[in-house]
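The lines below spell out each chain.
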Amino acid sequence: MMRARLTYVPVEVADQFEDFIIKRDEQVLDAVKARTRDYSTLSLLKLLYQLRGNSMTFSDLYSKSKIRMKKSFLNYLHLCVDYNFVKKEAVGSNMIYSITDKGRLMLSLFMQKGN
């Protein structure tokens, strides 16, 4: 049995993936503090959801994902890159992250629940 975890979830992500939210607490700016289930899957979805519209630098992705522990963020980001859900590309001095077709498919499987 997975333990519930308290985390910050971007409001849009919390609304889209309500099944992962056990209980919502206060909203802080554009995130909601929530007790969640299946934290690892939710963390992957947080990353993919942020990239669905446009590519981002590492810093933007880190701040918008609301994965507060940098080590955890790096682990999930590397997992996404290793499984080809996300690709990274050096542009000047920045690393730019983009969602791949495989990442879009993964995200869509969770977004289309019940359809």
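Above this text sits the structure in question.
Since this is a predicted model, take the numbers as computed values, not measurements.

**Examining the overall build of the protein chain**
Broken down by element type, the protein chain carries five helices and six strands. Ordered by position in the sequence, the α and β elements of the protein chain form the string β-α-β-β-α-β-α-α-β-β-α. Relative to a compact globule of 115 residues, whose C-alpha radius of gyration would be 13 Å, the protein chain shows 14 Å and is just as compact. Across its three principal axes, the protein chain shows a C-alpha extent of roughly 40 × 30 × 25 Å. In the protein chain, once contacts between residues fewer than 6 apart in sequence are set aside, the share between residues at least 24 apart is 49%. Surface accessibility of the protein chain: about 7100 Å² in total, with carbon and sulfur atoms responsible for 50%. Here the protein chain holds 19 positive side-chain charges and 12 negative ones, and the gap between their average locations is 5 Å.

**Some details on helix α2 (residues 39–51)**
The end-to-end C-alpha distance of α2 is 19 Å, a good match for the 18 Å that 13 residues give at a rise of 1.5 Å each. Among the residues of α2, those classed as buried are Y39, T41, L42, S43, L44, L45, K46, L47, L48, Y49, Q50 and L51.

**What to know about the side chain of K66**
Mapped onto the elements, K66 comes out in the loop between α3 (58–65) and α4 (70–82). Classification of K66 as buried rests on a relative accessible area of 19%. Among the polar contacts made by the side chain of K66, one reaches the side chain of D30 at a distance of 3.1 Å. Sequence-distant contacts of K66, defined by excluding residues within four places in its chain, comprise Y8, P10, D30, A31 and K46.

**Observations concerning the packing of aromatic side chains**
Summed over the entire model, instances satisfying the criterion amount to five aromatic pairs. Centroid distance F58 to F73: 5.3 Å. Interplanar angle 80 degrees. Geometry classified as edge-to-face. You can see F58 sitting in helix α3 and its partner F73 sitting in helix α4, a full 15 residues away along the chain. Consider the rings of Y83 and F85, whose centres lie 6.2 Å apart with planes at 20 degrees: the pair is stacked. Classification of F85 by relative accessible area gives buried; the value is 11%. Members of the aromatic cluster, each reached through a chain of ring pairs, are F58, Y62, F73 and Y97. One Lys or Arg, K70, reaches over the ring of Y62 and ends 5.0 Å from the middle of that ring.

Cut-offs and rules
- Residues numbered from 1 in each chain as written.
- Predicted model: local features only at pLDDT ≥ 70, side-chain atom pairs only at ≥ 80, totals over all residues.
- Heavy atoms only, no water.
- Helix = DSSP H or I, 4+ residues; strand = E, 2+ residues; numbered from the N terminus.
- Rg over C-alpha atoms; globule rule 2.2 N^0.38 Å.
- Contact = heavy atoms within 4.5 Å.
- Areas by Shrake-Rupley, 256 points an atom, 1.4 Å probe, with all protein chains shown as cover.
- Lys, Arg positive; Asp, Glu negative; His and termini not counted.
- Charge placed at Lys NZ, Arg CZ, Asp CG, Glu CD.
- Expected span 1.5 Å × (residues − 1).
- Buried < 20%, exposed > 50% of the residue type's maximum accessible area, 1.4 Å probe, protein only.
- Polar contact = N/O pair within 3.5 Å; in protein donor to acceptor, adjacent residues only side chain to side chain.
- Phe/Tyr/Trp six-rings, centres within 6.5 Å; stacked < 30°, edge-to-face > 60°.
- Lys NZ or Arg CZ within 6 Å of the ring centre and 35° of its normal.

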